[in-house]
Amino acid sequence: MDELFEETQPKKKKHTKQVGHLYRKLFLLVFSIALMAQALLFVDKGLGDYYNTLKDSFKVILTVDTPAQAAVLEQWGQTLNQKQDITSVRLLSPEDALAVVRHKNPQLVESLLLMGKNQMPAYFEITLSVPAINNIRPFVDNLNAEYEDLTPHYNEQHAQMFFYVGFASKIVRVLGALTLLGLLAFMFLVEAFPYEQGHALGGLFSGILAGALSAGVLVVLIYPVGPLADVFAYFTTWHRQVLLLVCSGLLGWTFSKWQKF
């Protein structure tokens, strides 16, 4: 009996050592995955905000080449507003146009007045839908052919940047969705396989701690930008952090059953 006890005793110590190492490895694995998720969410948030800024700031200006009566200008504005790809139309008179320029660049207005140019042409400021911005050249060509008395002005590089940023944002979201589906498939396969030893609460807590630590690393990185309460919304959102925390906990819970470390 003593010999048998001596043979089995080292095995118990070895098993305890494996369990002790299990949660450290589990924590590091979930922490690494959470950090990659933080980076992916960070890029997605930045691209999304930049995309919306480019969309809201893109305008097409249609200047009136020859003076026209108010009724004619109003009719043009109504026909423009009825087009499917135009989301809004704003008509500015010469006085309004001069006031807008004065607000943005007072020195330019003073220079124009000194040169004797106290009148600016009336113009239409239109905003477009996403498909129209992505196909800005044919859209503007059609407008130019339909309205001969209006000259279009727009920033083509702005429209190209809008398209590329939107495309990059879609790629990031597709890759994020595929990564999430892969993790869900892994968790499903682990849960479906009958292991001798089931889940452990230590794995769940380790996963939650790893997710919380990844959020702490993000806070440390963005803190130098300014007060945390002001800059937090520019880089992430609370619901994304809560979702990442939940996913980290579930991943740690699954890893505790898998135990392939």
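Quick note: structure is the one above.
Attention in this report is confined to the structure presented alongside it. Computed from a predicted structure; not experimentally measured.

### Topic: helix H2 (residues 70-81)
No. 1: The first and last C-alpha atoms of H2 sit 16 Å apart over twelve residues, in line with the 16 Å expected at 1.5 Å per residue.
No. 2: Leu73, Trp76, Gly77 and Leu80 are the residues of H2 that are buried. Each buried residue of H2 sits inside an arc of 100° when the element is viewed along its axis, so together they form one side.
No. 3: The inward-facing, buried residues of H2 contact strand E1 (60-64), strand E2 (86-92), strand E3 (123-128), helix H6 (136-146) and strand E4 (150-153).

### Considerations on the packing of helix H7 (residues 156-192) against helix H10 (residues 238-258)
No. 1: Direction vectors running N to C along H7 and H10 enclose 40°, while the axes themselves pass 10 Å from each other. When the axes of H7 and H10 are compared, the pair comes out oblique. Read as a crossing pair, H7 and H10 show a hand that is left-handed. Across from Leu183, Phe186, Met187, Val190 and Glu191 in H7, the residues of H10 making contact are Leu250, Leu251, Trp253, Thr254, Phe255, Lys257 and Trp258.
No. 2: Considered class by class, the residues forming the contact of H7 with H10 number nine nonpolar, one polar and two charged.

### A word on the packing of aromatic side chains
The relative placement of two aromatic rings is captured by the distance of their centres and the angle of their planes.
No. 1: Scanning the model with the defined rule gives seven aromatic pairs in all.
No. 2: Relative to Phe162, the ring of Tyr51 lies with its centre 4.6 Å away and its plane at 20°, an arrangement referred to as stacked. Placement of Tyr51 in helix H1 (residues 2-57) and of Phe162 in helix H7 is noted, with a sequence separation of 111 residues between them. The same class applies to Tyr51 as to Phe162, namely buried.
No. 3: Seen in terms of ring centroids, Phe163 and Phe167 are 6.4 Å apart; in terms of plane orientation they differ by 15°. Their pairing is stacked. Taken together, the positions of Phe163 and Phe167, both in helix H7 and four residues apart, correspond to about one turn of that helix.
No. 4: A residue is classified by how much of its surface remains accessible, and Phe163, at 40% relative accessible area, is partly exposed.

What counts and what doesn't
Residues numbered from 1 in each chain as written. Predicted model: local features only at pLDDT ≥ 70, side-chain atom pairs only at ≥ 80, totals over all residues. Heavy atoms only, no water. Helix = DSSP H or I, 4+ residues; strand = E, 2+ residues; numbered from the N terminus. Expected span 1.5 Å × (residues − 1). Buried < 20%, exposed > 50% of the residue type's maximum accessible area, 1.4 Å probe, protein only. Arc of directions from axis to C-beta. Contact = heavy atoms within 4.5 Å. Axes fitted to C-alpha atoms, helices over the stretch in contact; angles between N-to-C directions. Parallel < 35°, antiparallel > 145°, perpendicular 65-115°, else oblique. Left-handed = near helix turned anticlockwise from the far one by under 90°. Nonpolar A, V, L, I, M, F, W, Y, C, P; charged D, E, K, R; others polar. Phe/Tyr/Trp six-rings, centres within 6.5 Å; stacked < 30°, edge-to-face > 60°.

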